[in-house]
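Letter by letter, the chains look like this.
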Amino acid sequence: MARCDCGADSGPLGVCADYYHAILAEEQGDPGMYRWHAVVVCAYVLQHPSAGRGKFLDGQFRLLQLYAHQGLDALLRLQAHQVARNNHRARSGYDMRPLTPYAPLPAGGPPAHFRAAFTGLPVSDGSFVADGHPPYGHRIHAVAEATLESWAELLDPGDHHEGQAPHPG
């Protein structure tokens, strides 16, 4: 059995990258599934930092903490706020203030293993949402929590920030 670089065993679709690309493809035609897009991307690149861009990992770690602490609706509101600020007419740029209460990405990562990874996501009849959007959201939430938990183990005790949930759940 092949192992992914995040430490997970491969699943029926292959390694995590195969799952990630299948999720991205499926969510393009499913607005209900697409609601978790940012969570999927943040969790994936934090479990597989070589797939992301280093300069964005800190922001993605903080976004995932915001999601775990305040929920999907809060993350979607922040995304809408950022899109509006980044509008070519507004030219305001991103507002990082909502993320300042959360811990920065710990040094010394990535973690070697996550208790939940993309290869553990069930696929039925070629779909990740065959049993509905709420169960899919719960599974993505579990992957996000596992991602934060493993990264939080690398935090120094002095890195705790107000509002942060270092061990979400």
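What you are looking at is a predicted structure, and each value in this text was computed from that prediction instead of being measured.

### Here's the deal with the packing of helix α3 (residues 37-47) against helix α6 (residues 133-152)
Part 1 of the reasoning: At their nearest, the axes of α3 and α6 sit 10 Å apart, and the two run at 35° to each other. The chirality of how α3 crosses α6 is left-handed. Where α3 approaches α6, its residues V39, V40, A43, L46 and Q47 are matched on the opposing element by Y136, I140, V143, A144, T147 and W151.
Part 2 of the reasoning: Along the lines of polarity and charge, the residues of the contact of α3 with α6 split into nine nonpolar, two polar and no charged.

### So, the packing of aromatic side chains
Part 1 of the reasoning: A complete count under the given rule lists six aromatic pairs for this structure.
Part 2 of the reasoning: Look at W36 and Y136: their rings are 5.8 Å apart centre to centre, the planes differ by 85°, and that puts the pair in the edge-to-face class. Of the two residues, W36 is situated in the loop between α2 (31-34) and α3 and Y136 in helix α6; the sequence distance between them amounts to 100 residues. In terms of burial, W36 and Y136 fall into one category: buried.
Part 3 of the reasoning: Each ring, one from F61 and one from W151, has its centre 6.2 Å from the other, and the planes form 55°; the classification is tilted. Here W151 lies in helix α6 and F61 lies in helix α4 (residues 54-70), a separation of 90 residues in the sequence. Both residues of the pair, F61 and W151, count as buried.
Part 4 of the reasoning: Connected via pairs of aromatic rings, a cluster forms that spans Y20, Y44 and F118.

### Regarding unusual backbone geometry
Part 1 of the reasoning: With an omega dihedral of 5°, the bond running from G109 to P110 counts as a cis peptide bond.
Part 2 of the reasoning: Inspection of the secondary structure assignment puts P110 in the loop between α5 (72-85) and α6.

### Quick look at the side chain of H48
Part 1 of the reasoning: Within the secondary structure layout, H48 lies in the loop between α3 and α4.
Part 2 of the reasoning: Using a relative accessible area of 2% as the deciding quantity, one classes H48 as buried.
Part 3 of the reasoning: Contacts of H48, omitting those with residues within four sequence positions, involve C4, D5, C6 and C16.

### A word on the pattern of salt bridges
Part 1 of the reasoning: Throughout the structure, instances matching the rule amount to six salt bridges.
Part 2 of the reasoning: A salt bridge links D58 to R62, with the shortest nitrogen-to-oxygen separation between them at 2.9 Å. A residue pair is termed a helical-turn pair when its members lie 3 or 4 positions apart in one helix, as D58 and R62 do in helix α4 at four residues.
Part 3 of the reasoning: Here D58 falls in the partly exposed class, since its relative accessible area comes to 27%.
Part 4 of the reasoning: Between E149 and R115 there is a salt bridge; the shortest N-O distance is 2.7 Å. Of the two residues, E149 is situated in helix α6 and R115 in the loop between α5 and α6; the sequence distance between them amounts to 34 residues.
Part 5 of the reasoning: The exposed category is assigned to R115, whose relative accessible area is 51%.
Part 6 of the reasoning: What emerges from the salt-bridge pattern is a single network uniting R115, E145 and E149.

Reading guide: rules and limits
- Residues numbered from 1 in each chain as written.
- Predicted model: local features only at pLDDT ≥ 70, side-chain atom pairs only at ≥ 80, totals over all residues.
- Heavy atoms only, no water.
- Axes fitted to C-alpha atoms, helices over the stretch in contact; angles between N-to-C directions.
- Helix = DSSP H or I, 4+ residues; strand = E, 2+ residues; numbered from the N terminus.
- Left-handed = near helix turned anticlockwise from the far one by under 90°.
- Contact = heavy atoms within 4.5 Å.
- Nonpolar A, V, L, I, M, F, W, Y, C, P; charged D, E, K, R; others polar.
- Phe/Tyr/Trp six-rings, centres within 6.5 Å; stacked < 30°, edge-to-face > 60°.
- Buried < 20%, exposed > 50% of the residue type's maximum accessible area, 1.4 Å probe, protein only.
- Salt bridge = Lys/Arg side-chain N within 4 Å of Asp/Glu carboxyl O.

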